[in-house]
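# Structural features, examined
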Amino acid sequence: MADAEDRSRLVVLAGPTAVGKGTVAACVREQHPDIWISVSVTTRPARPGEVDGVHYHFISDAEFDRLVAEDGLLEWAVVHRAARYGTPRAAVEDRLNRGVPALLEIDLQGARQVRRTMPEALMCFLKPPSFAELERRLVGRGTEGPEERERRLATAVTELAAESEFDVTIINTDVETACEELVDLFRSGVSRTRS
Ligand code: 5GP
């Protein structure tokens, strides 16, 4: 296997629900096509406008089970008690071995798994400017009902406490700036701060 130094950088972007991870990742996708963004598998149905193979690989429960059984996922988790999400292992390994910078946008449970299995990964925590702003974004996007929103906000409180587990924090005050700060992590000599 290639030495960690020979492989290109893997950055993991995680953070609380509704902080805007998806929007920041979309900005990277649009403005920095040189950075490869992993396409996760999920058992949740596609939302309007989502394209299979682009936003996610939408798969059945049986297909997900098969991937887990054959160790085909680098990490996986049940997110918001609703559906399973996972990162296909082979695609990530392939990019890293070919020297392509790779970004994973995943939830906190998944980030913790990657931190254990790929210690060379740079762990980046995306944080809202304030809790009030997080609440405003969750209400504003209008994709969840009041009950689900309350549940996600409660989860967010716990999730915000995970910041210290990460190497770097980016505050998502505006998407463009957060996107550039994230891209800089691939270029700069920022190193792991975890022990
Ligand atoms: P959504 O259903 O809104 O697209 O995503 C819900 C959550 O799932 C987000 O927090 C997102 O970061 C997380 N997620 C997306 N893909 C993966 C993955 O491959 N693994 C894990 N652990 N979480 C993921």
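As a reminder, the structure under discussion sits directly above these lines.
None of the values given here were measured: they were computed from a predicted structure. (Residues numbered from 1 in each chain as written. Predicted model: local features only at pLDDT ≥ 70, side-chain atom pairs only at ≥ 80, totals over all residues. Heavy atoms only, no water.)

Moving on, we come to the sheet that holds strand S7 (residues 102-105). Within a sheet, adjacent strands bond to each other through the backbone by hydrogen bonds, running parallel or antiparallel. Taken together, the five strands give an open sheet; going across it, the order is S2-S7-S1-S8-S9, and neighbouring strands pair in parallel fashion. Edge positions in the sheet fall to strand S2 (36-37) and strand S9 (168-171), since each has one partner strand and no second. Examined bridge by bridge, S2 and S7 share two bridges and lie parallel to one another. Looking at S7, one finds that Trp36 is bridged to Ala102. Here helix H1 (residues 21-31) sits on the sheet and contacts strand S1 (10-14), S2, S7 and strand S8 (122-127); the angle it forms with S7, its principal contact strand, is near 155°. (Pairing = 2+ DSSP bridges. Helix = DSSP H or I, 4+ residues; strand = E, 2+ residues; numbered from the N terminus. Contact = heavy atoms within 4.5 Å. Axes fitted to C-alpha atoms, helices over the stretch in contact; angles between N-to-C directions.)

Let's shift gears to the site of the ligand. Around the ligand, the surrounding shell holds 15 residues, and the nearest of these are Ser40, Arg44, Tyr56, Tyr85 and Glu105. Take Arg44: an N or O atom from its side chain is 2.7 Å from an oxygen atom of the ligand. At a separation of 3.4 Å, an oxygen atom of the ligand approaches a polar side-chain atom of Thr87. Considering the ligand on its own, with 510 Å² of exposed area, one finds that the protein chains cover 89% of that surface. Looking at the shell around the ligand, the elements that each hand over two or more residues are strand S5 (73-79) and strand S6 (83-88). Partitioning the shell around the ligand into residue classes produces five nonpolar, four polar and six charged. (Near = heavy atom within 4 Å. Polar contact = N/O pair within 3.5 Å; in protein donor to acceptor, adjacent residues only side chain to side chain. Areas by Shrake-Rupley, 256 points an atom, 1.4 Å probe, with all protein chains shown as cover. Nonpolar A, V, L, I, M, F, W, Y, C, P; charged D, E, K, R; others polar.)

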